[in-house]
Amino acid sequence: MKTMISITKKPWFLALLVIIFASMSAWNIPIEKRKYGLSQSGLATDYTGLLPGKIEQVIPSENIEQLQKIIKDSNKHGKHISIAGLQHSQGGHTYYKNGTVLDMKNMNKILEINEQEKTVRVEAGASWGDIQESINPYGLALKVTQSQSIFTVGGSLSVNAHGRDIRNGSMAGTVKEMTLITPAGEVKKLKRGDQLMQEVLGGYGLFGVIADVTLELTDNDVYSMHTKELQTKEYEEYFHKAVENEKVGFHYARVSVAPGSFLNEMYAIDYNVTGEKDNSTPLKGESAVRLSKFALDLGRSGGRLEDFFWESQKQFSRSFNGDTVTRNNAMRSESDFMEFTVPGRVEVLQEFFVPVDSFEEYINELKNTLPSNDKHEDFKVHNITVRFTERDSFTHLRYAKKDMLGLVVLIQHGVNDKQMQHAENMIQKWTEATLKFGGTYYLPYYPYQTKDQFRRAYPEWEAFKEQKKRVDPNEVFVNLFYNHYLKD
Amino acid sequence: MEKNSQRLIPLIVTVGQVVIFPYYIIWLKEVSMSFTLFAWLFAVFSFSAAWGFRTYSVKKPDSSAYISAIYSGMGLVYIAAGWMVFPVEMLPYAALLMQIGLGFLQGYFRAWHIQKPSYRVHAVHHYLLVGIIMIGLSFVKIFSPSIFLILFGVLLFISGWW
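Starting from 1, residues in each chain are numbered consecutively following that chain's sequence as written. The lettering of chains begins at A and the numbering of ligands begins at 1, in the order of writing. Local features in a predicted model are, by the rule used here, given only for residues with pLDDT of at least 70; side-chain atom pairs are given and counted only at 80 or more, and totals for whole chains, interfaces and linings are based on all residues. Working from all heavy atoms in the structure, the side-chain values ignore hydrogens and water.

Draft legend 1. Inspection of helix 3 (residues 64-77) of chain A at higher detail. Residues and elements named next belong to chain A. For helix 3, spanning 14 residues, the distance from its first C-alpha to its last is 20 Å, which sits close to the expected 20 Å at 1.5 Å a residue. Exposed residues in this analysis have more than 50% of their type's maximum accessible area, buried residues have under 20%, and partly exposed residues fall in between, with area computed by a 1.4 Å probe over protein chains only. Secondary structure follows DSSP: runs of H or I at least 4 residues long count as helices, runs of E at least 2 residues long count as strands, and numbering of each begins at the N terminus. Those residues of helix 3 lying buried are I64, Q66, L67, Q68, I70, I71, S74 and N75. Residues are treated as being in contact if the distance between any of their heavy atoms lies within 4.5 Å. Looking at the buried side of helix 3, the elements it contacts are strand 3 (57-60), strand 4 (81-84), strand 5 (100-103), strand 9 (175-181), strand 10 (187-191) and strand 11 (209-219). Polar contacts here mean pairs of N or O atoms no more than 3.5 Å apart (in protein, one a potential hydrogen donor and the other a potential acceptor; neighbouring residues in sequence count only if both atoms are side-chain atoms). Sitting at the head of helix 3, N63 places a side-chain oxygen 3.3 Å from the backbone nitrogen of E65. In the segment just after helix 3, G78 is the residue with positive phi, at about 70°. Each helix should span, by expectation, one fewer than its residue count multiplied by 1.5 Å.

Draft legend 2. Representation of the UniProt feature "transmembrane region" (unreviewed entry) in chain B within the structure. All names here are of chain B. In the UniProt entry, the feature "transmembrane region" (unreviewed entry) is given for residues 7-27, 33-53, 65-85, 91-109 and 129-158. Segment residues 7-27 splits into 95% helix and 0% strand. End C-alpha atoms: 31 Å apart. What you have in residues 91-109 is 100% helix and 0% strand, and the ends, taken at the C-alpha atoms, are 26 Å apart. UniProt positions are given in the numbering used here, feature names are shortened, and annotations may be inferred rather than shown by experiment.

Draft legend 3. A look at the interface of chain A and chain B. Taken together, the contacts link 22 residues of chain A with 20 residues of chain B. For the chain A and chain B pair, buried surface summed over both sides reaches about 2000 Å², with 77% attributable to carbon and sulfur atoms. What gets called buried area is simply the loss in accessible area from a 1.4 Å probe that two parts show on being joined, summed for both. Its largest share of buried area at the contact with chain B, chain A owes to A:V18, A:F21 and A:I29, together 27% of the area lost on that side. At the junction of chain A with chain B, the criterion picks out one residue pair in polar contact (both at pLDDT 80 or more). Here the element with the most residues in the side of chain A that touches chain B is helix 2 (residues 11-28) of chain A; it accounts for 11 residues. We call Asp, Glu, Lys and Arg charged. Ala, Val, Leu, Ile, Met, Phe, Trp, Tyr, Cys and Pro are nonpolar, and the rest, Gly among them, are polar. When the residues that make up the side of chain A that touches chain B are grouped by side-chain class, the tally is 12 nonpolar, three polar and seven charged.

Draft legend 4. Main features of helix 3 (residues 35-57) of chain B. Under the 1.5 Å per step criterion, the end-to-end length of helix 3 of chain B is 33 Å for 23 residues, consistent within 8% with the ideal 33 Å. Regarding helix 3 of chain B, the residues found buried are B:L37, B:F38, B:L41, B:V44, B:F45, B:S48, B:A49, B:G52 and B:Y56. Taken together, the buried residues of helix 3 of chain B touch helix 2 of chain A together with helix 2 (9-32) and helix 5 (91-113) of chain B.

Draft legend 5. Inspection of the packing of aromatic side chains at higher detail. Under the pairing criterion, centres of Phe, Tyr and Trp rings, with the six-membered ring standing for Trp, must be within 6.5 Å; the plane angle then separates stacked pairs below 30 degrees from edge-to-face pairs above 60, leaving the rest tilted. Scanning the model with the defined rule gives 37 aromatic pairs over all chains in all. A centroid spacing of 5.6 Å and a plane angle of 75° characterise the contact between A:F481 and A:Y485, whose relative ring orientation is edge-to-face. Placement of both A:F481 and A:Y485 in helix 15 (residues 480-485) is noted, with a separation of four residues, approximately one turn of the helix. Note on accessibility: A:F481 and A:Y485 belong to one class, buried. Between B:F38 and B:F42, the ring centres sit 5.3 Å apart and the planes meet at 75°, which makes this aromatic pair edge-to-face. Here B:F38 and its partner B:F42 are both found in helix 3, four residues apart, which amounts to about one turn of the helix.

Draft legend 6. Structural detail: the packing of helix 3 of chain B against helix 5 of chain B. All names here are of chain B. To obtain each axis, a line is fitted to C-alpha atoms, and for helices this fit is confined to the stretch in contact; angles are then taken between N-to-C directions over 0 to 180 degrees. Orientation of helix 3 relative to helix 5, taken along the N-to-C sense of each, is 35°, at an axis distance of 6 Å. Of the two elements, helix 3 crosses helix 5, and the hand of that crossing is right-handed. Its residues assigned to classes, the contact of helix 3 with helix 5 comprises 18 nonpolar, eight polar and one charged. A crossing counts as left-handed when the near helix is turned anticlockwise from the far one by less than a right angle, and as right-handed when that turn is clockwise.

Draft legend 7. Seen up close, the pattern of salt bridges. Residue and element names in this part refer to chain A. Any Lys or Arg side-chain nitrogen located within 4 Å of an Asp or Glu carboxyl oxygen qualifies as a salt bridge. Scanning the entire structure with this criterion turns up 25 salt bridges over all chains. Here E229 ties to R318 by a salt bridge, and the two come within 2.5 Å at their closest N and O atoms. Highlighted residues: E229 in strand 12 (residues 221-231) and R318 in helix 9 (residues 303-319), separated in sequence by 89 residues. Look at R318 and you get partly exposed, because its relative accessible area is 37%. Between R345 and D378 there is a salt bridge, with the nearest N and O atoms lying 2.9 Å from each other. Of the two residues, R345 sits in strand 16 (residues 345-355) while D378 sits in the loop between helix 11 (359-369) and strand 17 (380-389), which places them 33 residues apart along the sequence. Owing to a relative accessible area of 23%, R345 belongs among the partly exposed residues under this scheme. A single network of salt bridges, built from pairs that share partners, joins K118, D219, D221 and K277.

Draft legend 8. Layout of unusual backbone geometry. Residue and element names in this part refer to chain A. Of note in the backbone geometry, N98 takes a positive phi value of approximately 60° without being a glycine. For N98, the position within the fold is in the loop between strand 4 and strand 5. Notably, Y204 is not glycine yet its phi reads approximately 50°, a positive angle. With a relative accessible area of 3%, Y204 lands in the buried category.

Draft legend 9. Up close: the environment of A:T431. Residues and elements named next belong to chain A. Mapped onto the elements of the fold, T431 is located in helix 12 (residues 417-436). Separated by 26 residues in the primary sequence, T431 and A457 place their C-alpha atoms 9.1 Å from one another. In this view, T431 contacts F352, Y441, Q449 and Q453; residues no more than four positions away in its chain are not counted. In terms of polar contacts, T431 uses its side chain to reach the side chain of Q449, at 3.1 Å.

Structural data, given as structure tokens:
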């Protein structure tokens, strides 16, 4: 004991203690999450931080009665309301200048799980991860959700998000019932097929507050993963075979943006049904975040490092060929490693949809639109993921008028005026190329596109606007997206 | 040098460190992202202080104290905290290094200071001065703690060469 005490007084021992503890702390420093969202100072931003705006107040949601009162009051006094969840949309969809923001995150309860009917009723502020945690022990899984589970139900439905499932159609199609608080402050129970529900799903928060929804579920199937490297010109044929093969449940692909194989190489990943169901495998968390972030940062450097990153991505995809994964875990990919916090720069998402059979021609067109090596460019494309979106006949502002392939694009650029203008020009050119092939672009992201491009991509915009006028004549529910694209 | 470093500068260091502490804490809180990391940054400071204290304590009485370098070192840490222009994701790592540095220097300085005859007088003056300065600072509105961190850092750095 005496020896122990004397050792603790030795400078070398204390130095060792500092080194060990400091190393442990350094290893456990979390990957930075960028600071965004609603602040006490009355400024709001969303995930890009590109549209900071002064808001009047943030009201945390409590229950339906409280929301009704706020909405009725706003309607009466001509005030504006926006609805915010976890604010991963990137085009000011969750706030409005000098408006009130309803922060829905507190309404996140799982209200009912019906094992027999395979449904779950949840409050709109719950995240997909919250639902997965509650249904996983029952061997149940969501029919459609994004590849990550970090978004709120209300937010995802408002933008009619899609994922990697190629069998269950749009997310909107999995909503059985819904409780909505209308702009007049009425509480309405809506069922599938009701006109108003059709407006709310993919309605970008402009038709009322979704209080809760009943979602259809399916079994937590076990899938085996299969990877295939191919040329972009081979993809259409490969994809058609994947869709025809009923064993394939999920499918997505990546296109190379590395200089050495720019838009020529791809790899595809299929999740094949094994016939097994699962109710015991735990949900996976974030893993190997540092390693993934390091690899992505290499890719962000461009040039040869981006070639190296592409090769390592292919190598990684080969490594899990034949592995099995549960449906729930396939729908909760890691996201922390994507954090990007370099001052003066921003990483944004865009998504372009093109008809499946135009994919090859579209990619060839992009080769003429984008620089193959963006190492020394301000506008850099880091990643293109390809996902299938089945024809949507459900929502008004539909991005999939027919069966489409969605190209989810991760882009980085600077934020000074000149750099913003350049990014806008590049994305407008890209959008133009997309429209040429009968495609569309996704609306939850920063609006680089012109109003004219919006109208050509979404010819139903007038019907959408008319319906908005009928349902919400006093414009109780507004946001920056509405202001940019739809307001007179 | 010896005279000043024993009579006046220790008081500047002890009073200044307590006065600057709220600003430094605000900076550290912004950098540390979670309470766990915030607490760990203090733990590493504490371990380093113990290390610094013992490092001075085991020195032979007649050997050089390097106290001027200690003051300048502390000053550099505060200047770095105020001037930091790293990407946001690098800041926690920088803060960790700074806590090690500051802790060691603080422990070393404390071990030296308590052996000086002026220590007891300083203790009383320290408390009175801190109280008065804090009341004064409560009326100063600032947007960022950086300016105070840099000013105090420069003061300490100069003290090392005074």
